[in-house]
Every structure is written in C-alpha cells, then in structure tokens.
Amino acid sequence: MKICLRCQAALGEDGWRCGACGFEPQLIAGFPAFAPELAASNEGYDAAYFSELYALEARNYWFRARNALLSWALRKYFPAARSFLEIGCGTGFVLGGIAGAMPQLAMHASEISSRGLPYAAGRVPRAEFFQMDARAIPYVEHFDIIGLFDVLEHIEDDARVLAQAHRALRHGGGLMIAVPQHGFLWSQYDEHAHHVRRYGARELRARLLQAGFRIVMMTSFVSLLLPLMMASRFMRRAPRADYDVLAELRVNRVTNFLLETVLALERALIAVGVRFPAGGSLLLIARRV
C-alpha cells in the first residue's frame, strides 16, 4: 500500500494526497517529489552526467551486458512477479531493458535527482515515476521486486535503504542489487562518481541478512575483464584535475564488440551455474523473509 511519509497513514490507490493530515507531495518537472530539498542535489551523483549517459548507454558494452544479466536474473528467479520498483533509475536504461524482458510487470521507478526523470520517462512511458530519497520509501508491502542497480554504493546509510526496501516488499518479495566490488579497485573513478564505498561479498551479504533478507544467489560479474579493469584503474590512480569519469566507457566499435562478447560468455557461464568469486561488480538476489 501507499503511505503518507508525513504521518504514515495509508493512502488510496489514486493520487498521493493524505486524507489524514492533508499532505500532498509537490510536483517537480511534472513528477511527485517526496524529497524536494534533494531534487537538485549532486551529493550522491552528478546530474550533469545524465545527458551523456543517455546517449552512451544503448551502445556501450558494459551497460548492455549488465542489462542482459539483470533481465536473465529477473526471468529466472522471479518469473511470476507482477510489480517492480527501481530505486535510482537514472536515465531509465535498465528500466527499459526490464520492461522489454518482462512486459507483465507494473513498472515504478524513482530517482533522487529530478533531472534524470524526464530521460527515464521517455524510455518507459508506461512506468510510474517519482522523485524520492531511498531512505524514505512511501510504500509498505507493495512490490514483488525492488532493484538497486549501482545505487547503494552512493548512499552512506545503506542499512536504512535496505530496511526501507524490506518494508516496501511483499512477504517473499525479491530484492536485486548490483554494486561495484573490491576496495582495492578504489580510484579517482569512484571519487568522481560520488561512491561512498566499493563492497566486498561478505560485507554485502551481512548487510542483507541484517536487514531481514534471505540470500538466493550471489556472484561477481565483469569477472573475465577484471585484469583489464585493474590495469585501467591503477594506471589512472595519480590525481588529475581534468579526470573524465566517463572516459573508460568511450571505446571504439571493434573494442566495444569484443568486450561485449566476453561479457556474453561470462553471462552464459553464470546461467549454467558458475559463480565467480571476483569481478568488477557483484550481483545479489535475495528474498524478504
């Protein structure tokens, strides 16, 4: 059910006005804003990247491979799901991939920056969008699946976000998380991307168990490319005033094809049960208990 974030009263399905206290979220760029004071903030992510990411994602090997992996995981672990919330949808590239892979899902998506929402809404017009702080979700026991894809590492109080996601899921509902992995890969990239941390597998597992989830599956990914990633990060560790956080995503067409082919092989191995112990990212599937 929907709830009022001011007084916690249950709301009807139509609209966001609270009959108990009269609160109604303001609209920013045409979307309900539950944390308007943060809508223009760059604290967790620089909204200036949205425009270039929107143009880059659809043809870049990493974004395409991640979408394919997430779509596979959704179909495998949650084939009967009917509702989905993506927290931190960015420009909507992942949301669009999921909408195509599972057209039966009622799609909902949030973003802390209101600047990203028009891009996402253009990609998935049928979804319901709103501006939101992930530490305060206006739903209780509502969704079959919640996804946080390269979002949790931007938030200092990740425990609170996981507790809110737990509350917003139906009993038995699923949580999907993708995060950057390995503290030894920390570099200027993480600083410029406004990361708070890179996770270890044991650390992420402990966070989920503490929040009341049961782990269903966990694997590293971008594993076959880890040596290249390590070389790239270590070569760029010296501080540079002109550092470009998107530089490593701009590759020529041939290189892009080869890297995407390697990650397609990796995805095929994961699909037959291989679980990689190391990689640039972690994928975790869990259920609310």
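Starting from 1, residues in each chain are numbered consecutively following that chain's sequence as written. Given that the model is predicted, a residue must reach a pLDDT of at least 70 before its local features are reported, and side-chain atom pairs must reach 80 or more before they are shown or counted; all residues, however, enter totals for whole chains, interfaces and linings. The basis for every side-chain value is the complete set of non-hydrogen atoms in the structure, without hydrogens or water.

1. Some details on the side chain of Glu57
Counted only if it meets this: Here a strand is any run of E in DSSP of at least two residues, a helix any run of H or I of at least four, and the numbering for each starts at the N terminus. Per-residue accessibility, obtained with a 1.4 Å probe over protein chains only, is compared with the maximum for each type, and a residue is labelled buried under 20%, exposed over 50%, and partly exposed between these values. Counted as a polar contact is a pair of N or O atoms within 3.5 Å, where, for protein atoms, one must be capable of donating a hydrogen and the other of accepting one, and residues adjacent in sequence contribute only when both atoms are in side chains. Residues are treated as being in contact if the distance between any of their heavy atoms lies within 4.5 Å.
Relative to the assigned elements, Glu57 resides in the loop between helix 1 (50-56) and helix 2 (61-77). In this structure Glu57 comes out as buried when scored by relative accessible area, which is 6%. Of the polar contacts made by the side chain of Glu57, one reaches the side chain of Arg123; its length is 2.9 Å. Discounting residues that sit within four places of it in the chain, Glu57 has contacts with Phe63, Arg64, Thr91, Phe93 and Arg123.

2. Some points on the packing of aromatic side chains
The criterion, for reference: Working definition: rings of Phe, Tyr and Trp (its six-membered ring) pair if their centres are within 6.5 Å, and the pair is stacked with planes under 30 degrees apart, edge-to-face with planes over 60 apart, and tilted otherwise. Only when the NZ atom of a Lys or the CZ atom of an Arg is both within 6 Å of the ring centre and within 35 degrees of the ring normal do we say a charge sits over the ring.
Evaluation of the coordinates by the stated rule reveals 10 aromatic pairs. Aromatic pair Phe130 and Tyr139: ring centres 6.0 Å apart, planes at 40°, arrangement tilted. For the pair formed by Phe130 and Tyr139, the shared burial category is buried. Here the aromatic cluster, defined as three or more aromatic residues joined through ring pairs, consists of Trp16, Phe34, Phe130, Tyr139 and Phe143. Its end group placed over the ring of Trp16, Lys2 keeps NZ or CZ at 4.4 Å from the ring centre. Cation over ring: Lys76 sits above Tyr77, and NZ or CZ is 5.5 Å from the ring centre.

3. Things to note about the packing of helix 2 against helix 9 (residues 253-271)
For clarity, the threshold we go by: To obtain each axis, a line is fitted to C-alpha atoms, and for helices this fit is confined to the stretch in contact; angles are then taken between N-to-C directions over 0 to 180 degrees. Roughly parallel means an angle under 35 degrees; roughly antiparallel means over 145; roughly perpendicular covers 65 to 115; every other angle is labelled oblique. Each crossing is labelled by how the near helix is turned from the far one, with a counterclockwise turn of less than a right angle marking it left-handed and a clockwise turn marking it right-handed.
For the pair helix 2 and helix 9, interaxial distance at closest approach is 9 Å and the crossing angle is 20°. It follows that helix 2 is roughly parallel to helix 9 by the angle criterion. For helix 2 against helix 9, the interelement crossing comes out right-handed. Judged by residue contacts, Tyr61, Arg64, Ala65, Ala68, Leu69 and Trp72 of helix 2 engage Asn256, Leu259, Glu260, Leu263, Arg267, Ile270 and Ala271 from helix 9.

4. Section: the environment of Gly88
With respect to the element layout, Gly88 can be found in the loop between strand 3 (83-87) and helix 3 (93-101). Between the alpha carbons of Gly88 and Ile112 there is a distance of 6.7 Å; along the sequence they are 24 residues apart. Excluding residues that lie within four positions of it along the chain, Gly88 makes contacts with Ser110, Glu111 and Val151.

5. What to know about the environment of Ala168
Topologically, Ala168 is positioned in helix 5 (residues 158-168). Along the sequence, Ala168 and Ile137 sit 31 residues apart, while their C-alpha atoms lie 7.1 Å from each other. Residues contacting Ala168, with those up to four places away along its chain left out, are Ile137, Tyr139, Val140, Glu141, His142, Phe143 and Ile146.

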